[in-house]
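Here is how the chains run, residue by residue.
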Amino acid sequence: MKNVFKFAEACLYSATIDEKLALTHQALHALEIGQLSLISEQPAMPIAQVKFPDKPILLPPRDMPKRKLGSAEGIAAFFHAIAHVEFVAIYLAWDMLYRFRGMPDQFYQDWLRVADEEAQHFELIRTHLQAMHVNYGDLPAHSGLWDHAKDTASDLLARLAMVPRCMEARGLDVTPAIIAKFRQLGDDSSVTLLNRILTDEVGHVERGSYWFKFVCGQQGLEPETKYRQLIKQYYQGGKPKGPFNREMRIIAGFSDAELDWLENTNL
Ligand SMILES: [Fe+2]
Ligand SMILES: [Fe+2]
């Protein structure tokens, strides 16, 4: 019998990129054949020690290469940025599972499935990039994606509010317009790839909403009030900017009241 937290630890603290991908798929396979223990035997290691590969080098967003979709270089830079988002998303899913103990089994099963989908997204994008003669790590990447994880390492509700219900939810807002742009360019393989990812991401945000409400219920908190409070506390600048994809966010577990609050700059 293998242990889910051992897989998580290897993926977060030691493995190479390819080992990480393989271990993530192995962990899900072990779960599916009933060979994965979800019992925690040791406490989590500190988040500060989580290890990222030497490449890509990480830069603040203002120093990132331009990624306008008008040129081949711009398209490659765009997909390199997406590859990095998906790569960090593997860590974010594993860390959700790894750091917050004492939850129902379903919680660990859900985030392991998310980690596996993120690994698939990363692999699909990496292959897509390789067809453009670019490898993941060839270009610099955005340094900020892990910050919200570090900020929320000791608060599960804050983690759920900031990662699936803020960062990943942002993907639901912006991706449809990007897909439309690739459709305009006649780039069918990019359209197919981004559509596949978008569909999965609705599920990730939905799991975030589900567990957010679950933990609020356990703690006797009203989830909409708590969400607003956590966003104000943890989101730099007070509130994410729209426009918001109301239709997809509703499917992903946001309420109309939450969306009204996000949209209304005065609230
Ligand atoms: Fe993803
Ligand atoms: Fe995701």
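Above this note sits the structure.
Please read all numbers here as calculations on a predicted model, not as lab measurements.

What follows deals with the environment of asparagine 195. One can find asparagine 195 in helix α7 (residues 188-218). Overall, the relative accessible area of 30% leaves asparagine 195 in the partly exposed class. Spatially, the C-alpha atoms of asparagine 195 and threonine 175 are 8.4 Å apart, while their sequence positions differ by 20 residues. If we skip the residues at most four places from it in the chain, asparagine 195 touches Ile179 and Arg183.

The next thing to look at is the coordination of the iron ion (ligand 2). Six octahedral donors around a metal ideally subtend angles of 90 or 180 degrees, whereas four tetrahedral donors ideally subtend 109.5 degrees. Summarising the metal site, the iron ion (ligand 2) is bound by the protein donors Glu118 (OE), Glu168 (OE), Glu201 (OE), Glu201 (OE) and His204 (ND1), whose distances to it range over 1.9 to 2.7 Å. Metal-to-metal, the separation of the iron ion (ligand 2) and the iron ion (ligand 1) is 3.7 Å; glutamate 118 coordinates the two. Of this pair, glutamate 118 sits in helix α4 (residues 105-130) while histidine 204 sits in helix α7; the two residues are 86 residues apart in sequence, bridging distant segments of the chain. Of the two residues, glutamate 118 and histidine 204, neither departs from the other in class, the shared state being buried.

Protein coordination of the iron ion (ligand 1) is provided by Glu86 (OE), Glu118 (OE), His121 (ND1) and Glu201 (OE), with donor distances spanning 2.0 to 2.3 Å. Viewed at the metal, the 4 donor atoms of the iron ion (ligand 1) are separated by angles of 92 to 156 degrees, and the geometry they form is irregular. Counting the intervening residues between successive donors of the iron ion (ligand 1) yields the motif E-x31-E-x2-H-x79-E. Residue glutamate 86 is classed as buried on the basis of its relative accessible area, which comes to 4%. Since its relative accessible area comes to 1%, glutamate 118 is described here as buried.

Glancing now at the nonpolar core. Of all hydrophobic cores here, the largest spans 87 residues; its most connected members are Phe79, Trp94, Leu97 and Leu112. Elements with a minimum of two residues in this core: α1 (4-13), α2 (17-32), α3 (72-99), α4, α6 (156-184), α7, α8 (223-234) and α10 (256-263). Top element by residues in this core is α3. It accounts for 16 residues. Once residues within four sequence positions are removed from consideration, leucine 97 is found in contact with Val4, Phe5, Ala8, Phe107, Tyr108, Trp111 and Leu112.

Turning our attention to α1. The buried fraction of α1 amounts to 8 of the 10 residues, a majority that puts the element mostly inside the structure. Taken together, the buried positions of α1 are occupied by Val4, Phe5, Phe7, Ala8, Glu9, Cys11, Leu12 and Tyr13. The inward-facing, buried residues of α1 abut β1 (2-3), α2, β2 (36-37), α3 and α4. Residue asparagine 3 occupies the N-cap position of α1, its side-chain oxygen lying 2.7 Å from the main-chain nitrogen of phenylalanine 5.

Cut-offs used in this document
- Residues numbered from 1 in each chain as written.
- Chains lettered and ligands numbered in written order.
- Predicted model: local features only at pLDDT ≥ 70, side-chain atom pairs only at ≥ 80, totals over all residues.
- Heavy atoms only, no water.
- Helix = DSSP H or I, 4+ residues; strand = E, 2+ residues; numbered from the N terminus.
- Buried < 20%, exposed > 50% of the residue type's maximum accessible area, 1.4 Å probe, protein only.
- Contact = heavy atoms within 4.5 Å.
- Donors = N, O, S within 2.8 Å, 3.2 Å for Na, K, Ca; no water.
- Tetrahedral: all angles 85-135°; square planar, octahedral: opposite > 155°, others 65-115°.
- Core = buried A, V, L, I, M, F, W, Y, C linked by side-chain atoms within 4.5 Å.
- Polar contact = N/O pair within 3.5 Å; in protein donor to acceptor, adjacent residues only side chain to side chain.

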